[in-house]
Amino acid sequence: MSAAVPTAPVARASAERIDELKESLAEIRQRIQAARPSQGATSQPTLVAVSKYKPASDILACYDEGQLDFGENYVQELVEKAAQLPQDIRWHFIGTFQSNKAKILASIPNLYALQTLHSAKGATALNKVLSADRPALNVFLQVNTSGEESKSGVHPLVRDAPESEVDSAELVQIAKHILTECPHLRLQGLMTIGSLSESLSKEKENEDFRRLVATREVLEATLARAGFPKDSGKWGDESGRLLLSMGMSSDFEAALAAGSDIVRVGTGIFGSRPKKEEVKA
Ligand SMILES: *Cc1c(COP(=O)(O)O)cnc(C)c1O
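Residues numbered from 1 in each chain as written. Predicted model: local features only at pLDDT ≥ 70, side-chain atom pairs only at ≥ 80, totals over all residues. Heavy atoms only, no water.

Per an unreviewed UniProt entry, the protein chain goes by the name Pyridoxal phosphate homeostasis protein and belongs to Lentinus tigrinus ALCF2SS1-6. The record in UniProt for the protein chain states the following under Function (unreviewed entry): "Pyridoxal 5'-phosphate (PLP)-binding protein, which may be involved in intracellular homeostatic regulation of pyridoxal 5'-phosphate (PLP), the active form of vitamin B6." (UniProt positions renumbered as here; feature names shortened; annotations may be inferred.)

K.L.:
I'd like to hear about the overall build of the protein chain, residue by residue, with values.
P.N.:
A tally of helices and strands in the protein chain yields twelve helices and eight strands. The C-alpha radius of gyration computed for the protein chain amounts to 19 Å, which stays within 12% of the reference 19 Å derived for 281 residues, consistent with globular compactness. Viewed in the frame of its principal axes, the protein chain has a C-alpha envelope of about 60 × 45 × 35 Å. The 281 residues of the protein chain split such that 48% are buried. The long-range share in the protein chain, meaning contacts at least 24 apart out of those at least 6 apart in sequence, stands at 61%. Total accessible area on the protein chain is roughly 13600 Å²; 51% of this is exposed by carbon and sulfur atoms. A distance of 3 Å separates the average location of the 33 positive side-chain charges in the protein chain from that of its 37 negative side-chain charges. (Helix = DSSP H or I, 4+ residues; strand = E, 2+ residues; numbered from the N terminus. Rg over C-alpha atoms; globule rule 2.2 N^0.38 Å. Buried < 20%, exposed > 50% of the residue type's maximum accessible area, 1.4 Å probe, protein only. Contact = heavy atoms within 4.5 Å. Areas by Shrake-Rupley, 256 points an atom, 1.4 Å probe, with all protein chains shown as cover. Lys, Arg positive; Asp, Glu negative; His and termini not counted. Charge placed at Lys NZ, Arg CZ, Asp CG, Glu CD.)

K.L.:
Describe the site of the ligand, listing the residues and the values that go with them.
P.N.:
Around the ligand there are 13 residues in total, and Lys 52, Asn 73, Ser 249, Thr 267 and Arg 273 lie nearest to it. Lys 52 places a side-chain nitrogen or oxygen 2.8 Å from an oxygen atom of the ligand. Ser 249 places a polar side-chain atom, nitrogen or oxygen, 2.5 Å from an oxygen atom of the ligand. About the coverage of the ligand: the protein hides 89% of its 390 Å² of free accessible area. Judged by the proximity of its atoms to the pocket grid, the ligand belongs to the largest pocket. Its residues placed into classes, the shell around the ligand shows six nonpolar, four polar and three charged. (Near = heavy atom within 4 Å. Polar contact = N/O pair within 3.5 Å; in protein donor to acceptor, adjacent residues only side chain to side chain. 1 Å grid on protein atoms, 1.4 Å probe; cavity = no way out; pocket = protein on both sides within 12 Å on 5 of 7 lines; lining within 4 Å. Sits in = over half its atoms within 2 Å of the grid points. Nonpolar A, V, L, I, M, F, W, Y, C, P; charged D, E, K, R; others polar.)

K.L.:
Pulling in residues and values, what's your account of the side chain of Glu 220?
P.N.:
Its place among the elements puts Glu 220 in helix H9 (residues 207-225). Glu 220 has contacts with Lys 230, Trp 235, Gly 240, Arg 241 and Leu 242, leaving out every residue within four places of it along the chain.

K.L.:
Give me the lowdown on the environment of Val 263, citing residues and values where you can.
P.N.:
Structurally, Val 263 is set in strand E8 (residues 262-265). Here Val 263 falls in the buried class, since its relative accessible area comes to 0%. When the C-alpha positions of Val 263 and Ser 38 are compared, they lie 17 Å apart, and in sequence the two are 225 residues distant. Those residues in contact with Val 263 that sit more than four places away from it in its chain are Ile 32, Thr 46, Leu 47, Val 48, Met 246, Gly 247, Phe 252 and Leu 256.

K.L.:
An account of the environment of Pro 45 is needed here, citing residue identities and associated values.
P.N.:
Among the secondary structure elements, Pro 45 is positioned in the loop between helix H1 (15-35) and strand E1 (46-50). Those residues in contact with Pro 45 that lie beyond four places of it in its chain are Ile 32, Arg 36, Leu 256 and Asp 261.

Here it is, written out as structure tokens:
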């Protein structure tokens, strides 16, 4: 089980499908520009096109439109697609991460980020299998902002909690573990999925997004207090900021308004997907 050598070239999508994808991608890009806050926005938000269950030909059509960031949920599917598709694609793993999949994920040379890390054990497993001659792998800690049992992720941090409480929080422990014990990982930010009901109620501010924003603020301050200041180059993007990955097809505009840096859009670009059960059947 290692990344396969590039196989036959990927078939092209039909002219009709290419037009369809071009159009939906252009529309999502436009909506992102319209939704990003004009004040305080440091950089362009990143659009990760979530291509799970979609053929490599769809990905190639988007790539031809300049789309470089793609997200996948299933390890085997990602390995196969990565082997067939251009090497300058930046793959984001956004599926449930299990430590026993660390090795195969690390074998993908252009894996750009793992967005679903939620344990120190997982960090250790990944760090161990990543080779020293590649750039550190970007990792995002997944935060369960909605508290739903069905979602993985660690508890969010809250503003104004006592320092002792914050210091012992699982999220802080994992972050420090990455910074001190995992030189092949770079803690780039935080990721959340959030609850569907929050995403559907467009009348009010999305509480899950608000919680992730607060978590970043508290974590950045806590890391600085622990001896890893913003300019230590240990975490965050080039400007020393933890990035927020939040927002999907149904709620990416609200997420951008709340301060998201990375949105993950699947259906909005590629159309609806078969359900997981249907694919496995
Ligand atoms: C599938 C998936 C997405 C994309 O969802 P859409 O609603 O199709 O945009 C985003 N993030 C994660 C973690 C996913 O699993």
